[in-house]
Amino acid sequence: MVKKNTCVFISGYGSNLRHLIQSSRVNNFPIRISLVISNNKNAKGLLYAKMNSIPYLIINTKKRNFENKILNELKKHKISFICLAGYMKIISKKFLQLFTKTIINIHPSLLPKFKGLNTFERVLKNKEKKTGCTVHFVNNKLDGGTRIIQKSFFINKNDNEKILKDKTQKLEYRAFSEAIIKIMRYN
Ligand code: GRF
């Protein structure tokens, strides 16, 4: 099996990146992490790229030609699949057109509920019975692309935002890898 060269975009801690790197080490896992891109030079997740000798690029999204820089790097590393793992920037329309059905994102709620930020706070305020995570294709609507996989759990009476985040992230690590396997099966 030929593994797809994949780029993971991050902005922060990178725990999803860490788990994707682990999954990608398994022989028949369909992707190889060939590049990591961060818009934050202090992102802790960059450490996982460094520790695993994965090339990485830090971009400054305030600079006008930052997207061309990304495109050049993707070309250089023959990237054909992109995972957004805690990437806090919007992907432009032009970029999306170049990568239709090849960019996926992980979101910490059961979409279409709670798109955007501060999901755990809103889940608690809304007195939801269940929450979880969603892996979905990225389109030009915020957290709005076709859903690939969702995983959920029941909320306990004493769960606070931190507990919800921990429980959700544990599910995210499995959901991301399973979603990748699922979509590659049909490619
Ligand atoms: C994840 O919880 C994901 O759902 C959200 O951002 C978080 C990133 O966490 N989009 P990490 O950087 O992978 O630890």
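Please refer to the structure higher up on the page.
None of these values were measured; they are calculated from a predicted model.

(A) Summary view of the site of the ligand. Taken together, the residues surrounding the ligand are Tyr13, Gly14, Ser15, Asn16, Gly86, Ile106, His107, Pro108, Gln169 and Glu172. Within the contact set of the ligand, an oxygen atom lies 2.5 Å away from a side-chain nitrogen or oxygen of Ser15. One nitrogen or oxygen atom from the side chain of Gln169 is found 3.0 Å from an oxygen atom belonging to the ligand. Protein chains bury 84% of the 370 Å² of accessible surface belonging to the ligand in isolation.

(B) Spatial organisation of the environment of Ser24. Relative to the assigned elements, Ser24 resides in helix H1 (residues 15-24). Here the alpha-carbon distance between Ser24 and Ser177, two residues 153 residues apart in the chain, equals 8.6 Å. If sequence neighbours within four positions are ignored, Ser24 has contacts with Lys3, Phe29, Ile31, Arg32 and Ile33.

(C) Seen up close, the pairing of strand E5 (residues 103-107). Along E5, 5 of the 5 residues are buried, which leaves the element largely enclosed by surrounding structure. Of the strand pairs in this sheet, strand E4 (residues 81-84) and E5 are connected by 3 bridges, and their pairing is parallel. Of the residues in E5, the one forming a bridge with Leu84 is Asn105. Note on the crossover from E4 through helix H4 (residues 93-98) to E5: the handedness is right-handed. In the sheet, E5 pairs with strand E6 (residues 130-137) via 4 bridges, with the strands oriented antiparallel.

(D) Highlighting the pattern of salt bridges. Considering all chains together, one arrives at 6 salt bridges under this definition. Across the pair Lys76 and Glu73 runs a salt bridge, and its minimum N-O distance is 3.4 Å. Of the two residues, Lys76 and Glu73 both sit in helix H3 (residues 66-76), 3 residues apart, roughly one turn of that helix. Take Lys76: its relative accessible area is 58%, and that puts it in the exposed class. Accessibility expressed as a relative area gives 16% for Glu73, which makes it buried. Ionic pairing is found between Glu178 and Lys151, a salt bridge with its closest N-O pair at 3.0 Å. You can see Glu178 sitting in helix H6 (residues 161-185) and its partner Lys151 sitting in strand E7 (residues 147-154), a full 27 residues away along the chain. Given a relative accessible area of 33%, Glu178 falls into the partly exposed group.

(E) A look at the state of the cysteines. If you walk through the whole model with that rule in mind, you get 0 disulfides. Sulfur of Cys7: no disulfide; nearest cysteine sulfur belongs to Cys83 and is 8.8 Å away. Take Cys133: it sits in no disulfide, and the sulfur closest to it among the cysteines is that of Cys83, at 14 Å.

(F) Spotlight on the sheet that holds E5. Spatially, 7 strands are ordered E3-E2-E1-E4-E5-E6-E7 in an open sheet, and the strand pairing comes out mixed. Pairing within the sheet leaves two strands with one partner each, and these edge strands are strand E3 (56-58) and E7. Here the strands of the sheet are splayed against their neighbours by 20 degrees on average, with no regard to which way each runs. Sitting on the sheet, H6 touches strand E1 (4-10), strand E2 (31-38), E4, E5, E6 and E7, and the angle it makes with E7 is about 150 degrees.

Calculation criteria
Residues numbered from 1 in each chain as written. Predicted model: local features only at pLDDT ≥ 70, side-chain atom pairs only at ≥ 80, totals over all residues. Heavy atoms only, no water. Near = heavy atom within 4 Å. Polar contact = N/O pair within 3.5 Å; in protein donor to acceptor, adjacent residues only side chain to side chain. Areas by Shrake-Rupley, 256 points an atom, 1.4 Å probe, with all protein chains shown as cover. Helix = DSSP H or I, 4+ residues; strand = E, 2+ residues; numbered from the N terminus. Contact = heavy atoms within 4.5 Å. Buried < 20%, exposed > 50% of the residue type's maximum accessible area, 1.4 Å probe, protein only. Pairing = 2+ DSSP bridges. Right-handed = clockwise from strand over helix to strand, strands pointing away. Salt bridge = Lys/Arg side-chain N within 4 Å of Asp/Glu carboxyl O. Disulfide = S-S within 2.5 Å. Axes fitted to C-alpha atoms, helices over the stretch in contact; angles between N-to-C directions.

Any link to function would need more than the numbers given here.
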